[in-house]
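# Descriptive structure summary
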Amino acid sequence: MLEIPESYSFARQAADMLSGRTVTDVFNATHPHKFTWYLGDPADYRARLVGKTVRAAEGHGAFIDMLLDDETHIALSDGVNLRYHAPGAEVPPKYQLLIAFDDDSFLVFTVAMYGGIIAFRKNFDNPYYLGALSKPSPLDDAFDEACFGRLISDAKSNLSAKAFLATEQRIPGLGNGVLQDILFKSHIHPKRKLATLGDAELGRMYSSVKSTLRDMADRGGRDTEKDLLGKPGGYKTLLSKNTFAEPCPGCGGAIVKEAYLGGAVYYCPVCQPLIK
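Residues numbered from 1 in each chain as written. Predicted model: local features only at pLDDT ≥ 70, side-chain atom pairs only at ≥ 80, totals over all residues. Heavy atoms only, no water.

## Remarks on the packing of aromatic side chains
Applying the stated rule across the entire model yields 11 aromatic pairs. A centroid spacing of 6.2 Å and a plane angle of 40 degrees characterise the contact between Trp37 and Tyr114, whose relative ring orientation is tilted. In this pair, Trp37 sits in strand S2 (residues 36-37) while Tyr114 sits in the loop between strand S8 (106-111) and strand S9 (115-121), placing the two residues 77 residues apart along the sequence. Exposure remark for Trp37: the relative accessible area of 43% places this residue in the partly exposed category. Relative accessible area serves as the criterion here: at 33%, Tyr114 is assigned to the partly exposed category. Ring plane angle 50 degrees and centroid distance 5.6 Å describe the contact between Phe148 and Tyr206, whose orientation is recorded as tilted. Here Phe148, found in helix H4 (residues 145-154), pairs with Tyr206, found in helix H7 (residues 199-218); they are 58 residues apart in sequence, far enough to count as distant. Judged by relative accessible area, Phe148 falls into the buried class, the value being 4%. Each member of the aromatic cluster is reached from another via a ring pair, and the members are Phe63, Phe120, Phe124 and Tyr129. (Phe/Tyr/Trp six-rings, centres within 6.5 Å; stacked < 30°, edge-to-face > 60°. Helix = DSSP H or I, 4+ residues; strand = E, 2+ residues; numbered from the N terminus. Buried < 20%, exposed > 50% of the residue type's maximum accessible area, 1.4 Å probe, protein only.)

## Overview of the pattern of salt bridges
According to the stated counting rule, one finds 11 salt bridges in the structure shown. Residues Asp102 and Arg21 are paired through a salt bridge, measuring 2.7 Å at the closest nitrogen-oxygen approach. Here Arg21 lies in the loop between helix H1 (4-18) and strand S1 (23-28) and Asp102 lies in the loop between strand S7 (97-101) and S8, a separation of 81 residues in the sequence. The residue Glu201 makes a salt bridge to Arg192 at a minimum N-O spacing of 3.2 Å. For the pair Glu201 and Arg192, a shared accessibility class is recorded, and that class is buried. One network of salt bridges, with partners in common, ties together Glu3, Glu6 and Arg222. (Salt bridge = Lys/Arg side-chain N within 4 Å of Asp/Glu carboxyl O.)

## Re the sheet that holds S8
Pairing is antiparallel in the open sheet, where 4 strands are placed in the order S1-S7-S8-S6. Of all strands in the sheet, those with a lone pairing partner are S1 and strand S6 (80-85), marking the two edges. Across the sheet, the axes of successive neighbouring strands diverge by a mean angle of 15 degrees, strand direction being ignored. The pairing of S1 with S7 spans 5 bridges and is classified as antiparallel. Of the residues in S7, the one forming a bridge with Phe27 is Leu98. (Pairing = 2+ DSSP bridges. Axes fitted to C-alpha atoms, helices over the stretch in contact; angles between N-to-C directions.)

## Regarding the nonpolar core
Grouped together as the largest cluster of nonpolar side chains are 30 residues, with contacts concentrated most on Phe143, Phe148, Phe164, Leu165, Leu174, Met205 and Leu213. Those elements that place two or more of their residues in this core are H4, helix H5 (161-166), helix H6 (176-186) and H7. In terms of residues, this core owes the most to one element, H7, which gives 7 residues. Not counting residues within four places of it along the chain, the set of residues in contact with Phe148 comprises Phe143, Phe164, Leu165, Leu202, Met205 and Tyr206. (Core = buried A, V, L, I, M, F, W, Y, C linked by side-chain atoms within 4.5 Å. Contact = heavy atoms within 4.5 Å.)

## A few points about the domain arrangement of the chain
What the domain assignment reports for the chain is domain 1 (2-132) and domain 2 (143-265). Taking the mean C-alpha position of each, domain 1 and domain 2 sit 28 Å from one another. On the side of domain 2, 23 residues touch domain 1, which itself brings 19 residues to the contact. If you look at where domain 1 meets domain 2, you find 2 salt bridges. Measuring nitrogen to oxygen at the nearest pair gives 2.7 Å for the salt bridge that ties Arg222 to Glu6. Inspection of the region where domain 1 meets domain 2 yields 10 residue pairs in polar contact (both at pLDDT 80 or more). Among the elements that line the side of domain 1 that touches domain 2, the one with the most residues is H1, at 10 residues. (Domains from an automatic or database assignment. Polar contact = N/O pair within 3.5 Å; in protein donor to acceptor, adjacent residues only side chain to side chain.)

## So, helix H3 (residues 127-134)
Along H3, the residues that are buried comprise Tyr129, Gly131 and Ala132. The buried residues of H3 all sit within an arc of 165 degrees when viewed along its axis, so they share a single face. Turned more than 90 degrees away from the buried face of H3 sit Pro127 and Ser134, all of them exposed. Check the buried side of H3 and you find it contacts strand S3 (54-60), strand S4 (63-68), strand S5 (72-76) and S9. For H3, the capping residue at the N-terminal end is Asn126, with a side-chain oxygen 2.9 Å from the backbone nitrogen of Tyr128. (Arc of directions from axis to C-beta.)

Below, the structure is given as structure tokens:
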């Protein structure tokens, strides 16, 4: 799923591959998906995009935003898989959108569970997208200790560490996936209440948010996700579906996996004790 490291690194990859390429055709879904969201009728996307040249791509929270001529955008939300295919590559049989370029390369957009493929001009009036653009990213200097402190002050003290970091879009693009390593490096259990965290622990959490997300982004995303060429990211996750059967990288003990707040959490009960 697209989270901060992937939106950042995949957008950088898209900019490198596609800047200067002009859209020559757009093909609608060969495999309609009721949880794929478009802006208006996707049959109109051809008229919106053909003839436009890609100028840049940016990552914002859980969105990849491709910027074309005439203030035209293609915004991709969490849940959309994006694959680049070189000229001459075989076209896959199933997709939710395909965009062809003037060098015969093409992009394929697919959705597994849910996701938005949004083509628009100038503005997209969506609270998640606007929040991702307007709120400071942990990858930026503006997300400093004072900014983090304000988020803590505004949150209810009975929130768990996971609920604080990964719900309500307090930090757009910080989701359940990146959360695991952030909390492991902080030595904080995902169910710990904010009220039980002292200044030193909150400081560790802030530092881990900054350093872990930066490391993930600089390494091309997590190894649990695939980039535009279908290759896993270069960041080796410590706690994830790839590693939970292995010993804890800190103490060598058993890692626990359990469902919590709509998704699986992974933690070491020794390195991340639950203090109520």
